[in-house]
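The residues making up each chain are set out below.
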Amino acid sequence: MAIDFDTYDDENIFAKILRGELPCTRVREDEHVLAFRDIAPQAPEHVLVIPKGRYIAHDDFHRNASDAEIVAFWRTVAAVCDELGIRDRGHRLIANQGRDGHQVVPHFHVHVLAGHDLGPMLPGSST
Ligand code: 5GP
(Lines give C-alpha, C1' and ligand atoms only; values in the text may rest on other atoms or scores of the structure.)
Protein backbone atom coordinates (compact mmCIF):
# COMPACT_ATOMS: atom_id res chain seq x y z
CA MET A 1 0.00 0.00 0.00
CA ALA A 2 1.26 3.49 -0.83
CA ILE A 3 2.59 5.49 2.09
CA ASP A 4 0.61 8.61 2.97
CA PHE A 5 3.12 11.45 3.25
CA ASP A 6 0.45 14.09 3.96
CA THR A 7 -1.03 12.89 7.25
CA TYR A 8 0.95 11.65 10.24
CA ASP A 9 0.33 7.93 10.83
CA ASP A 10 0.34 7.13 14.55
CA GLU A 11 0.83 3.45 13.69
CA ASN A 12 4.19 3.94 11.94
CA ILE A 13 7.05 1.89 13.36
CA PHE A 14 8.90 4.80 14.94
CA ALA A 15 5.72 6.02 16.67
CA LYS A 16 5.42 2.53 18.17
CA ILE A 17 9.06 2.63 19.29
CA LEU A 18 8.47 6.03 20.90
CA ARG A 19 5.43 4.68 22.78
CA GLY A 20 7.49 1.69 23.97
CA GLU A 21 5.34 -0.78 22.00
CA LEU A 22 8.38 -1.97 20.01
CA PRO A 23 11.92 -2.37 21.34
CA CYS A 24 14.98 -0.50 20.12
CA THR A 25 18.67 -0.37 20.94
CA ARG A 26 18.87 3.13 22.35
CA VAL A 27 21.99 5.23 21.84
CA ARG A 28 20.80 8.50 23.34
CA GLU A 29 17.57 10.13 24.47
CA ASP A 30 16.32 13.41 25.88
CA GLU A 31 13.03 15.26 26.21
CA HIS A 32 12.76 15.92 22.46
CA VAL A 33 14.88 13.30 20.67
CA LEU A 34 15.58 9.55 20.51
CA ALA A 35 18.62 7.98 18.81
CA PHE A 36 18.71 4.22 18.28
CA ARG A 37 20.42 1.62 16.11
CA ASP A 38 18.91 0.75 12.74
CA ILE A 39 17.49 -2.79 12.70
CA ALA A 40 19.10 -3.49 9.30
CA PRO A 41 22.41 -1.60 9.40
CA GLN A 42 23.84 -0.53 6.06
CA ALA A 43 27.26 0.32 7.51
CA PRO A 44 29.22 -0.79 10.61
CA GLU A 45 27.66 2.15 12.44
CA HIS A 46 24.05 2.98 11.52
CA VAL A 47 22.04 5.05 13.97
CA LEU A 48 18.66 6.70 13.43
CA VAL A 49 17.90 10.02 15.11
CA ILE A 50 14.21 10.93 15.43
CA PRO A 51 12.29 13.76 17.07
CA LYS A 52 9.71 12.69 19.64
CA GLY A 53 7.10 14.94 18.03
CA ARG A 54 4.75 13.81 15.25
CA TYR A 55 6.61 14.99 12.13
CA ILE A 56 6.32 13.13 8.83
CA ALA A 57 9.53 14.23 7.13
CA HIS A 58 12.19 16.92 7.22
CA ASP A 59 10.05 19.65 5.65
CA ASP A 60 7.26 19.09 8.19
CA PHE A 61 9.81 19.10 11.03
CA HIS A 62 11.66 22.22 9.97
CA ARG A 63 8.45 24.14 9.23
CA ASN A 64 6.47 23.16 12.28
CA ALA A 65 8.75 22.10 15.13
CA SER A 66 9.71 24.56 17.85
CA ASP A 67 13.18 26.08 17.91
CA ALA A 68 13.87 24.00 21.04
CA GLU A 69 12.99 20.77 19.22
CA ILE A 70 15.11 21.67 16.19
CA VAL A 71 18.13 22.63 18.28
CA ALA A 72 17.79 19.51 20.44
CA PHE A 73 17.55 17.35 17.31
CA TRP A 74 20.72 18.59 15.64
CA ARG A 75 22.68 18.70 18.88
CA THR A 76 21.74 15.05 19.36
CA VAL A 77 22.96 14.22 15.85
CA ALA A 78 26.30 15.84 16.74
CA ALA A 79 26.43 14.10 20.13
CA VAL A 80 25.77 10.72 18.51
CA CYS A 81 28.68 11.33 16.12
CA ASP A 82 30.90 12.18 19.11
CA GLU A 83 29.70 9.15 21.03
CA LEU A 84 30.37 6.80 18.12
CA GLY A 85 33.84 8.32 17.63
CA ILE A 86 33.18 8.88 13.93
CA ARG A 87 34.16 12.52 13.61
CA ASP A 88 37.74 12.11 12.45
CA ARG A 89 37.32 9.40 9.81
CA GLY A 90 34.06 10.91 8.61
CA HIS A 91 30.49 9.79 8.26
CA ARG A 92 27.31 10.49 6.29
CA LEU A 93 23.93 11.93 7.30
CA ILE A 94 20.91 11.01 5.18
CA ALA A 95 17.29 12.18 5.43
CA ASN A 96 15.07 10.45 2.90
CA GLN A 97 11.83 12.23 2.09
CA GLY A 98 8.78 10.99 0.22
CA ARG A 99 8.44 8.65 -2.73
CA ASP A 100 11.43 9.67 -4.82
CA GLY A 101 13.55 9.82 -1.66
CA HIS A 102 12.55 6.20 -0.88
CA GLN A 103 11.34 7.14 2.58
CA VAL A 104 9.90 3.99 4.16
CA VAL A 105 9.00 5.13 7.66
CA PRO A 106 6.86 8.31 7.62
CA HIS A 107 8.32 9.79 10.80
CA PHE A 108 11.20 12.24 10.24
CA HIS A 109 14.59 10.65 10.84
CA VAL A 110 18.23 11.19 10.01
CA HIS A 111 20.45 8.20 9.29
CA VAL A 112 23.97 8.46 10.75
CA LEU A 113 26.23 6.10 8.80
CA ALA A 114 29.91 5.40 9.40
CA GLY A 115 32.58 2.82 10.13
CA HIS A 116 34.11 2.28 6.70
CA ASP A 117 34.47 4.07 3.36
CA LEU A 118 30.86 4.77 2.46
CA GLY A 119 31.53 5.04 -1.26
CA PRO A 120 29.94 7.50 -3.68
CA MET A 121 27.01 9.58 -2.48
CA LEU A 122 24.56 7.88 -4.85
CA PRO A 123 24.82 4.71 -6.97
CA GLY A 124 26.54 5.65 -10.18
CA SER A 125 27.86 8.98 -8.91
CA SER A 126 31.57 9.68 -8.93
CA THR A 127 31.86 11.51 -5.62
P1 5GP B 1 13.90 5.31 5.41
O2 5GP B 1 14.02 4.53 4.12
O3 5GP B 1 12.48 5.60 5.80
O4 5GP B 1 14.77 6.54 5.39
O5 5GP B 1 14.57 4.37 6.50
C6 5GP B 1 13.87 3.67 7.48
C7 5GP B 1 14.88 2.87 8.28
O8 5GP B 1 14.22 2.32 9.41
C9 5GP B 1 15.52 1.70 7.52
O10 5GP B 1 16.92 1.87 7.48
C11 5GP B 1 15.10 0.48 8.34
O12 5GP B 1 16.09 -0.52 8.42
C13 5GP B 1 14.77 1.07 9.69
N14 5GP B 1 13.79 0.32 10.44
C15 5GP B 1 12.60 -0.17 9.98
N16 5GP B 1 11.94 -0.80 10.96
C17 5GP B 1 12.71 -0.70 12.07
C18 5GP B 1 12.52 -1.16 13.41
O19 5GP B 1 11.54 -1.79 13.78
N20 5GP B 1 13.52 -0.87 14.29
C21 5GP B 1 14.65 -0.18 13.91
N22 5GP B 1 15.57 0.04 14.86
N23 5GP B 1 14.83 0.27 12.65
C24 5GP B 1 13.86 0.01 11.75
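Refer to the structure printed above.
Remember, it's a predicted structure, so these values are computed and weren't measured experimentally.

Cut-offs and rules
In this convention, every chain numbers its residues from 1, walking through the sequence in written order. pLDDT decides what is reported in this predicted model: residues at 70 or higher carry local features, side-chain atom pairs at 80 or more are listed and counted, and totals for whole chains, interfaces and linings draw on all residues regardless. Based on all heavy atoms of the structure, the side-chain values leave hydrogens and waters out of the count. Helix numbering and strand numbering both begin at the N terminus, where a helix is a DSSP run of H or I of at least 4 residues and a strand a DSSP run of E of at least 2. Computation of the radius of gyration draws on C-alpha atoms, with the globule rule given as 2.2 Å multiplied by the number of residues to the power 0.38. Any residue under 20% of the maximum accessible area for its type is buried, any over 50% is exposed, and the rest in between are partly exposed; the area is computed with a 1.4 Å probe on protein chains only. Here, residues are in contact when the closest pair of their heavy atoms is within 4.5 Å. Only heavy atoms are used to decide nearness, and a residue is near a molecule or strand if one of them lies within 4 Å of it. What qualifies as a polar contact is a pair of N or O atoms within 3.5 Å, subject to a donor-acceptor requirement within protein and to the restriction that residues adjacent in sequence count only when both atoms come from side chains. For the accessible areas, the method is Shrake-Rupley and the probe is 1.4 Å, while residue cover comes only from the protein chains on display. Note that Gly is not counted as nonpolar here; it falls among the polar residues with everything else outside the nonpolar set of Ala, Val, Leu, Ile, Met, Phe, Trp, Tyr, Cys and Pro and the charged set of Asp, Glu, Lys and Arg. At least two DSSP bridges between two strands are needed for those strands to be called paired. Orientation is described by axes fitted as lines to C-alpha atoms, over the contacting stretch for helices, and by angles from 0 to 180 degrees between their N-to-C directions. The nonpolar core is taken to be a set of buried Ala, Val, Leu, Ile, Met, Phe, Trp, Tyr and Cys residues, with the residues joined through side-chain atoms within 4.5 Å.

1. Some thoughts on the overall build of the protein chain
Piece 1. A count of helical and extended segments in the protein chain gives three helices and five strands.
Piece 2. Listing the helices and strands of the protein chain from first to last along the sequence gives α-β-β-β-α-α-β-β.
Piece 3. Relative to its length of 127 residues, the protein chain is compact, with a C-alpha radius of gyration of 14 Å against a globular reference of 14 Å.
Piece 4. In terms of principal-axis extent, the alpha carbons of the protein chain reach across some 35 × 30 × 30 Å.
Piece 5. Here the protein chain, with 127 residues, has 38% of them falling under the buried criterion.
Piece 6. Across the protein chain, the fraction of contacts at a sequence separation of at least 24, relative to all contacts at a separation of at least 6, is 55%.

2. So, the site of the ligand
Piece 1. Lining the immediate surroundings of the ligand are 16 residues, of which Arg 37, Asp 38, Val 104, His 109 and His 111 lie closest.
Piece 2. Between a nitrogen atom of the ligand and a main-chain N or O atom of Ile 39, the distance comes to 3.3 Å.
Piece 3. A total of 520 Å² of accessible area belongs to the ligand in isolation, and the protein chains cover 84% of it.
Piece 4. When residues of the shell around the ligand are traced back to their parent elements, those giving at least two are helix H1 (13–18) and strand S2 (33–37).
Piece 5. Taken together, the residues that form the shell around the ligand break down as nine nonpolar, five polar and two charged.

3. With respect to the sheet that holds strand S1 (residues 26–29)
Piece 1. Here we have five strands laid out as an open sheet, ordered S1-S2-S3-S5-S4, and antiparallel in their pairing. Two strands close off the open sheet at either side, each with one partner strand: S1 and strand S4 (92–94). On average, adjacent strands in this sheet sit at an angle of 20 degrees to one another, irrespective of strand direction.
Piece 2. In this sheet, strand S5 (residues 110–114) lies alongside S4 in antiparallel orientation, the contact comprising three bridges. Bridge assignment links Ile 94 to a residue of S5, and that residue is His 111.
Piece 3. Contacts between helix H3 (residues 67–84) and the sheet are confined to S1, S2, strand S3 (45–51), S4 and S5, with S3 contributing the most and set at about 160 degrees to the helix.

4. Comments concerning the pairing of S3
Piece 1. The element S3 is extensively covered by neighbouring structure, given that six of its seven residues are classed as buried.
Piece 2. Bridge count between S2 and S3: five bridges; the pairing is antiparallel. Residue pairing for S3: Phe 36 is matched across the bridge by Leu 48.
Piece 3. In this structure, S3 lies alongside S5, joined through five bridges in antiparallel fashion.

5. Here's the deal with the nonpolar core
Piece 1. The biggest cluster of nonpolar side chains holds 20 residues, and the ones touching the most others in it are Val 47, Val 49, Phe 61, Phe 73, Val 80 and Val 112.
Piece 2. Among the elements of the structure, S2, S3, H3 and S5 are those that each provide at least two residues to this core.
Piece 3. Not counting residues up to four positions away in its chain, the partners in contact with Val 49 are Val 33, Leu 34, Ala 35, Phe 73, Thr 76, Val 77, Val 80, Phe 108, His 109, Val 110 and Val 112.
Piece 4. Membership of the second largest hydrophobic core comes to seven residues, among which are Phe 14, Leu 34, Phe 36 and Ile 50.

6. Some points on the side chain of His 107
Piece 1. Tracing the backbone through its elements, the reader meets His 107 in the loop between S4 and S5.
Piece 2. Looking at His 107, the relative accessible area reads 0%, which means it is buried.
Piece 3. From its side chain, His 107 meets the backbone oxygen of Pro 51 in a polar contact 2.8 Å long.
Piece 4. Excluding residues that lie within four positions of it along the chain, His 107 makes contacts with Tyr 8, Asn 12, Phe 14, Leu 18, Ile 50, Pro 51, Gly 53, Tyr 55 and Ile 56.

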